[in-house]
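# Descriptive analysis of the structure
Given next are the chains, with one letter for each unit.
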Amino acid sequence: MNFLRGVMGGQSAGPQHTEAETIQKLCDRVASSTLLDDRRNAVRALKSLSKKYRLEVGIQAMEHLIHVLQTDRSDSEIIGYALDTLYNIISNDEEEEVEENSTRQSDDLGSQFTEIFIKQQENVTLLLSLLEEFDFHVRWPGVKLLTSLLKQLGPQVQQIILVSPMGVSRLMDLLADSREVIRNDGVLLLQALTRSNGAIQKIVAFENAFERLLDIITEEGNSDGGIVVEDCLILLQNLLKNNNSNQNFFKEGSYIQRMKPWFEVGDENSGWSAQKVTNLHLMLQLVRVLVSPNNPPGATSSCQKAMFQCGLLQQLCTILMATGVPADILTETINTVSEVIRGCQVNQDYFASVNAPSNPPRPAIVVLLMSMVNERQPFVLRCAVLYCFQCFLYKNQKGQGEIVSTLLPSTIDATGNSVSAGQLLCGGLFSTDSLSNWCAAVALAHALQGNATQKEQLLRVQLATSIGNPPVSLLQQCTNILSQGDKIDRRGSKIQTRVGLLMLLCTWLSNCPIAVTHFLHNSANVPFLTGQIAENLGEEEQLVQGLCALLLGISIYFNDNSLENYKKEKLKQLIEKRIGKENFIEKLGFISKHELYSRASQKPQPNFPTPEYMIFDHEFTKLVKELEGVITKAIYKSSEEDKKEEEVKKTLEQHDSIVTHYKNMIREQDLQLEELKQQVSTLKCQNEQLQTAVTQQVSQIQQHKDQYNLLKIQLGKDNQPQGSYSDGAQMNGIQPEEIGRLREEIEELKSNQELLQSQLAEKDSLIENLKSSQTSPGTNEQYSATDAARSSEQVAELKQELATLKSQLNSQSTEITKLQTEKQELLQKTEAFAKSVPVSGENETVTATKSTDVELLQETKELKSEIKALSEERTAIKEQLDSSNSTIAILQNEKNKLEEKLTDSKKEQDDLLVLLADQDQQIFSLKNKLKELGHPVEEEDELESGDQGDEDDEDEDDGEDQDHI
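Residues numbered from 1 in each chain as written. Predicted model: local features only at pLDDT ≥ 70, side-chain atom pairs only at ≥ 80, totals over all residues. Heavy atoms only, no water.

### Considerations on helix H11 (residues 180-194)
- Taking 1.5 Å of rise per residue, 15 residues should cover 21 Å, and H11 covers 21 Å from first to last C-alpha, within 8% of that figure.
- Every buried residue of H11 is accounted for by Ile182, Arg183, Asn184, Asp185, Gly186, Val187, Leu189, Leu190, Gln191, Ala192, Leu193 and Thr194.
- At its buried positions, H11 is contacted by helix H8 (136-152), helix H9 (154-163), helix H10 (167-172), helix H12 (198-206), helix H13 (209-219) and helix H14 (227-240).
- The first or second residue beyond H11 is Ser196, which carries a positive phi of 60°. (Helix = DSSP H or I, 4+ residues; strand = E, 2+ residues; numbered from the N terminus. Expected span 1.5 Å × (residues − 1). Buried < 20%, exposed > 50% of the residue type's maximum accessible area, 1.4 Å probe, protein only. Contact = heavy atoms within 4.5 Å.)

### Digging into the packing of helix H20 (residues 345-353) against helix H22 (residues 379-393)
- For the pair H20 and H22, interaxial distance at closest approach is 9 Å and the crossing angle is 125°. As summarised for this structure, H20 and H22 are arranged oblique, according to the angle between their axes. Of the residues in H22, those touching H20 at Gln348, Phe351 and Ala352 are Cys388, Cys391 and Phe392.
- The residue inventory of the contact of H20 with H22, partitioned by class, reads five nonpolar, one polar and no charged. (Axes fitted to C-alpha atoms, helices over the stretch in contact; angles between N-to-C directions. Parallel < 35°, antiparallel > 145°, perpendicular 65-115°, else oblique. Nonpolar A, V, L, I, M, F, W, Y, C, P; charged D, E, K, R; others polar.)

### Quick look at helix H3 (residues 36-50)
- For H3, built from 15 residues, the straight-helix expectation of 21 Å at 1.5 Å per residue is met to within 8% by its first-to-last C-alpha distance of 21 Å.
- Every buried residue belonging to H3 is among Arg39, Arg40, Ala42, Val43, Leu46, Leu49 and Ser50, and all of these are buried.

### A look at the pattern of salt bridges
- Evaluated as defined, the whole model comprises 22 salt bridges.
- Ionic pairing is found between Arg258 and Asp215, a salt bridge with its closest N-O pair at 2.8 Å. Residue Arg258 is located in the loop between helix H15 (244-252) and helix H16 (274-290), and its partner Asp215 is located in helix H13; the two are separated by 43 residues in the primary sequence.
- Using a relative accessible area of 30% as the deciding quantity, one classes Asp215 as partly exposed.
- Here Lys622 and Glu619 are joined by a salt bridge, their closest N and O atoms 3.6 Å apart. Of this pair, Lys622 and Glu619 both sit in helix H36 (residues 618-636), separated by three residues, roughly a single helical turn.
- Taking relative accessible area as the criterion, Glu619 reaches 11% and is therefore assigned buried.
- Where salt bridges share partners, they join Asp37, Arg40, Asp75 and Glu77 into one cluster. (Salt bridge = Lys/Arg side-chain N within 4 Å of Asp/Glu carboxyl O.)

### Overview of the side chain of Glu541
- By secondary structure assignment, the location of Glu541 is in the loop between helix H30 (525-534) and helix H31 (542-557).
- A polar atom in the side chain of Glu541 sits 3.0 Å from the side chain of Arg498.
- In contact with Glu541, other than residues within four places in its own chain, are Ile495 and Arg498. (Polar contact = N/O pair within 3.5 Å; in protein donor to acceptor, adjacent residues only side chain to side chain.)

See below:
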């Protein structure tokens, strides 16, 4: 308050003194008037003064206005005036352009008044409750006031809203308001509310904000929409940027699929308004938020896959290859496609298959590279293409191989009809434009990043420098250009070409001893590097000296000592004599100390204000960080330490080879054990099948025994002397067939048993071979104890399983012999019966069996007749059920029609009640007017006068109004 009074005291006296008195009188009237009309008029007057006399109204009236909001909520008009007045006091939006000092004071005024207003947190809670009012004159100024509070002191107001019950939910209702002005201002309010507050962002997202915002964007026409689409996109960015929870919720809610129609812009040469360009920029940035390299790798990968599956990547590639697209949209689309494919093999493969709509069709990669090495193209576009190429090769060994293969002699198109990616990169590498040199060198370095195979393949590349001269290797040509230095006249930065070539060579030689050998094989390379490092050059050349030191350090660290003149020890002695170890390490440190090094290490995208800043590549900064320490240690190591290290390396290699040998051996044994386990499992299955077969045979034999005993008893009852013969006859009539089948099955069981025993013998021999191979001399000393124990345990388990199988087979064989003996006994009995009984009893046995057959036929006929009667009854019941179902369906239809009629009558009744209520309200208002005009009005509960009385009242009211006027 002291600050405000000081500002007020500094203003000139005169007319403002009169206005201050007027404001004071109005404030007194607001505070002391008992009539609502007087207070309303006073607040309306304060509103009209609040823009011009913001300070005076704010100091004197703010407390009274807050009191009005608390006490006069029943009158929407006075609440609206009070909210408008508070907005004029707090907001800085409509300030007139005055002097800089006054503008600063106005900004301070807004924050000071905001601080006074939110000092009592109940004021913000009161404002949130007022936003629940549907009245336009209350809700709209409330939204504007809360937005202004958030703009002035955002974090403090956010915290108050966060702890307020249902605070965020009330504000989310604004997006569902049917009045566009409130909905649009609600979007602006949520923009200010969600800025830099993760907790509120999560609440807003889970209040279905994504669904509502995407609906609004669709309703407004997607990218062709107006500023409302822009506001919605900014709010979506607030909700998703650096918020992994909301990003996951957005992906899981299938909202990525709804982004595809945004980019259906067609191939148009016109119709790109400024608003459409802005909207598409924001839409592309929103896609990049979801696949940013700064996000967790898992979240980025899942979003990339979703974008490919729903066709969003395909749509972006269509824009990429379309004609008539503005340059800034094309640049941003390239950057977006870059991050959608970065590190995602499926997306990278799709991008490699995209062709430009030309005749003949060319791969999109080739078309983009043509723009990168073309110095006439805008700088930002060339940077975007480089980033796209880097993202295409990131963790993509297949793509790296395809790019390098276009440089190899076997794949180059001899006819010259088509230009390959490799030819474009070589052309850029050796052009007279330094920026093209740098971009081509960095692009080629990314084709070698972390891929030792392609580093070796690139050594095969031969270049024809001029007619009549023999071809030289690509490595040699790079060193030749590097050694020429400033002799070649180039456009652009003086050191850019050399820095690019040195970065390419460092990436090429690192972790590739064969490339180091090729590099050292040229006797001019090492003297050139030592000469560059040893010279005392200017500050601009120190970076080149540092990179030369790094390249020489890589040649030492990854040297396999295959060249006698350039072994590690000799190179270190050369450094100590010509440069000095301390000086060498100091020059090496120039790289990481450069001001542009830290800038390039922050993010993968090459984002430079001008070409002169284009010095370092992001992936190269990682390589420097990795190699700087190990090269420093390698330089200071003595020859004895090097020898010890070499011995340790050899020992480790031998140990690794031994370990690899035994790993392979253990892997083979594991495979054999797995095969044995599978064989054991198959044997188990076969054993189980045999057991079930034996069980079935036993049950069948038991059934035959029971039949035999039953026949024996039946024949014994009929005639004791003849019974034995009939039993024998029955045996002779039925049993031989069964006995023959039993013999065949017993023979099969015997053959299966022999087969199983032969398989067991084979498994025993395999196990003995394994034991002999495991216990052979010379291997026990080097074989690890744990692996041997594991193998012996597995063999023991197999033996135990085979033993159980043997026991099971033995038990089966005993059962089979028992069955054979029983069969022999049965055969002997039948032969004895056949010999002892005469033939005369045969006719009586046949008669007895025929009688039993007749009884069975009679019982079967009776059962059939009963089944027929039951089926007839079932058919009759089914017909009755169908008729009842049709009756029920007819009744249900009639019931539905009656319910619809009842609903319609209820709606008509409700409409009549609403009309009657409106008429009552009109009559009541007319009576009030008559009372105010002084006419006596009779208080009646029933409207007996009808329409005529209403018309008379209206006529009288009109006459009184004319008299009053």
